[in-house]
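# Topology and contacts: notes
So the chains spell out like this:
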Amino acid sequence: MKILAIQNKMGIGDTVIFLPFIKAISNKFGAPVSLLVKENSKADEFLNQTNYIDEIIHLERDNKINQKHDGFKGFFKLASDIKKYNFNKVFIFNSSLRYNLISRLAGIKEIFQYPLFEKQNQHITEPAKVLIKKYLDCETGDNPEIQIDNDLVQKSAVNFNINNDELNVLLGVGGSGPTKRIPSKTFLNVMEKLETFKKCRFFLATGRSYDEQKILTEIYNTKFKEKCVTLDNLNIKEILPIIKNCNVAICNDTSFSHLSSALGVKTITLMADTPLIYGSYSSNMYPVIPDGEKTVSHNTLGKDKINPDKIYEKLISIIN
């Protein structure tokens, strides 16, 4: 049995969010599932040890630049690329006629998909739940799960001198956009409070953009420098076992919040300017929203209203 799942949304977060549905398919048919995802999902870097995942196939398609699977020629090229794998079934997590026709052209006999032409204002996960319930007759209430070899976790603990007597905290201080990046002073305030509670070690995770590096530097070049480990020079494969060693995570709406929660780490998600679902879909996620807001969405613009006292209080409640 060879099964394909098509998930064409961009980024790490969207890929992680869909993992419970992929796992449900794998469990139903007793076989790992291959994924067709965009390269910027980086799925091959964080799912290479997860046993319900088979092969990662890259969808080379972009709205801004012409790529191999774009346009009329790309349609047939993608069908040809998929056909080589001889899939028996495909689950298409979108309402696009394009991927339905490509799957048929690739010779896949059984096609399961969202209702066609219903993309507008579509909820991020509800159609996936309906799809799995309709065709597999099962519920998908599990958290996303990323698996990692325990030997790698133990080696990482040794290599980075991670001490179980300390509180090891992942700080996801980056973010894909400026409105998602909580100011460094907020993190520093929380770090000050934590230091009075317990001896801590802080692992700073961010991207390489100028603005993200600026926040990292503002945190690192303080009295906490000796207690901080920067992770920006490591790839995701190297970072995963470090995250797994952490007791708790405090993350902006960034890829690290999705990765840490899927690794089973209790993760406080700082939701300043993104729909709340992206920081609350897992029971390992504990969202903090801006003061004065009842919920959060695009254009909330609340990064300066994330209260460090609330972050600290939530963290203490998690670890106690």
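Our subject is the structure listed above.
Residues numbered from 1 in each chain as written. Predicted model: local features only at pLDDT ≥ 70, side-chain atom pairs only at ≥ 80, totals over all residues. Heavy atoms only, no water.

Another aspect to go through is the state of the cysteines. Scanning the model with the defined rule gives zero disulfides in all. With no disulfide of its own, Cys 251 has Cys 246 as its nearest cysteine by sulfur position, at a separation of 9.1 Å. (Disulfide = S-S within 2.5 Å.)

Alternating positions in strand E4 (residues 89-92) separate into two faces, Lys 89 and Phe 91 on one and Val 90 and Ile 92 on the other, with burial throughout. Where strand E1 (residues 3-6) meets E4, four bridges bridge the pair, whose relative direction is parallel. By the bridge assignment for E4, Ile 3 is matched with Lys 89. Following the backbone out of E4, through helix H5 (residues 97-105) and into the adjacent parallel strand E5 (residues 110-113), one traces a crossover that is right-handed. (Buried < 20%, exposed > 50% of the residue type's maximum accessible area, 1.4 Å probe, protein only. Helix = DSSP H or I, 4+ residues; strand = E, 2+ residues; numbered from the N terminus. Pairing = 2+ DSSP bridges. Right-handed = clockwise from strand over helix to strand, strands pointing away.)

Here we have five strands laid out as an open sheet, ordered E3-E2-E1-E4-E5, and parallel in their pairing. For this open sheet the edge positions go to strand E3 (53-59) and E5, each flanked by a neighbour on one side alone. The average angle at which neighbouring strand axes cross in this sheet is 20°, direction not considered. Relative to E3, strand E2 (residues 33-38) is paired through five bridges, and the arrangement is parallel. By the bridge assignment, Val 37 is partnered in E3 with His 58. Along the sheet, helix H6 (residues 126-136) contacts E4 and E5; its crossing angle with E5, the most-contacted strand, is approximately 140°. (Axes fitted to C-alpha atoms, helices over the stretch in contact; angles between N-to-C directions. Contact = heavy atoms within 4.5 Å.)

This paragraph deals with the environment of Ser 280. Of note, Ser 280 is situated in the loop between strand E10 (267-270) and strand E11 (285-288). Beyond its immediate sequence surroundings of up to four residues, Ser 280 is in contact with Met 285 and Pro 287. There is a polar contact of 2.9 Å between the side chain of Ser 280 and the backbone oxygen of Leu 276. (Polar contact = N/O pair within 3.5 Å; in protein donor to acceptor, adjacent residues only side chain to side chain.)

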